[in-house]
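Given next are the chains, with one letter for each unit.
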Amino acid sequence: AHGLKPGERVVGVLGGLRVNKGHRVFLESARALHDRYPQIRFVLVGDGPAGESIRRHIVELGLEKTVLVVGFVREPELAVAAFDVAVYPSLSSEGMGRVVFEYMAAGRPIVATRIGLAAEVLKDGETAWLVAADDPGALAAAIDGALTQPARGRQQSQACRRLVETSYSGAVVTGAILTESDPRLDSD
């Protein structure tokens, strides 16, 4: 739908185009990886107030043919399903950070900054590649690791999927809330 070719590898970010989301850092890491991986497409899914600035930065970095800005999509899970590597480059805590759970539930290899919820839920080397925020070099190295270590990525993404199913699914969270508010509902 967006000009991606079958078999093309995709490294993507899902999230509103806002300064604190780290899209500029992601683009700088894409620039660092582009020469090594000219066939990789870097995709931004979302829209927001920083959209024009981000598009200008893509041009400044010479990545117009490598980076695709999809904009808002009604079914973000389909976009995430197209990612070979899902990136969460946030610069500051976003509170809930729902996209982290979406990546986990989709079973995508994740590269994330050690910020807020991502740092609380994900474990470096077990469920994701975690890096310091606002460090394009570290982000590029972690993305490179995810691209060159597909078996490790599969293990981590499977661990994420299990974690969502056992600890963060709607049914599990609802059950925990109900049990906490009425201990008689605890089945143990």
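Before reading further, recall that the structure is shown in the block above.
These figures come from a predicted structure and were not determined experimentally. (Residues numbered from 1 in each chain as written. Predicted model: local features only at pLDDT ≥ 70, side-chain atom pairs only at ≥ 80, totals over all residues. Heavy atoms only, no water.)

1. Considering the packing of aromatic side chains
So, point 1. Tallied over the full model, the rule gives two aromatic pairs.
So, point 2. On the basis of an interplanar angle of 70° and a centroid distance of 5.9 Å, the ring pair of F26 and F42 is categorised as edge-to-face. Pair noted here: F26 is in helix 1 (residues 23-34) and F42 is in strand 2 (residues 41-45), with a separation of 16 residues, a long-range link.
So, point 3. On the accessibility criterion, F26 (0% relative accessible area) is buried.
So, point 4. Overall, F42 belongs to the buried group, its relative accessible area being 0%.
So, point 5. Ring centres 6.3 Å apart and planes at 70° place the aromatic pair F83 and Y103 in the edge-to-face group. Of this pair, F83 sits in the loop between helix 3 (76-81) and strand 4 (85-88) while Y103 sits in helix 4 (residues 98-106), and the two are 20 residues apart along the sequence. (Phe/Tyr/Trp six-rings, centres within 6.5 Å; stacked < 30°, edge-to-face > 60°. Helix = DSSP H or I, 4+ residues; strand = E, 2+ residues; numbered from the N terminus. Buried < 20%, exposed > 50% of the residue type's maximum accessible area, 1.4 Å probe, protein only.)

2. Some points on the layout of surface pockets
So, point 1. Looking at the largest pocket, its volume works out to about 300 Å³.
So, point 2. Ranked by residue count, the leading element in the lining of the largest pocket is helix 4, at three residues.
So, point 3. Every residue lining the second largest pocket is counted, 13 residues in all, and those nearest its centre are H2, L4, L78, A79 and A82.
So, point 4. Those elements that provide at least two residues to the lining of the second largest pocket are strand 2, strand 3 (67-71) and helix 3.
So, point 5. Split into classes, the residues belonging to the lining of the second largest pocket amount to 11 nonpolar, one polar and one charged. (1 Å grid on protein atoms, 1.4 Å probe; cavity = no way out; pocket = protein on both sides within 12 Å on 5 of 7 lines; lining within 4 Å. Points joined across faces, edges and corners; volume = space filled by probe spheres on them. Nonpolar A, V, L, I, M, F, W, Y, C, P; charged D, E, K, R; others polar.)

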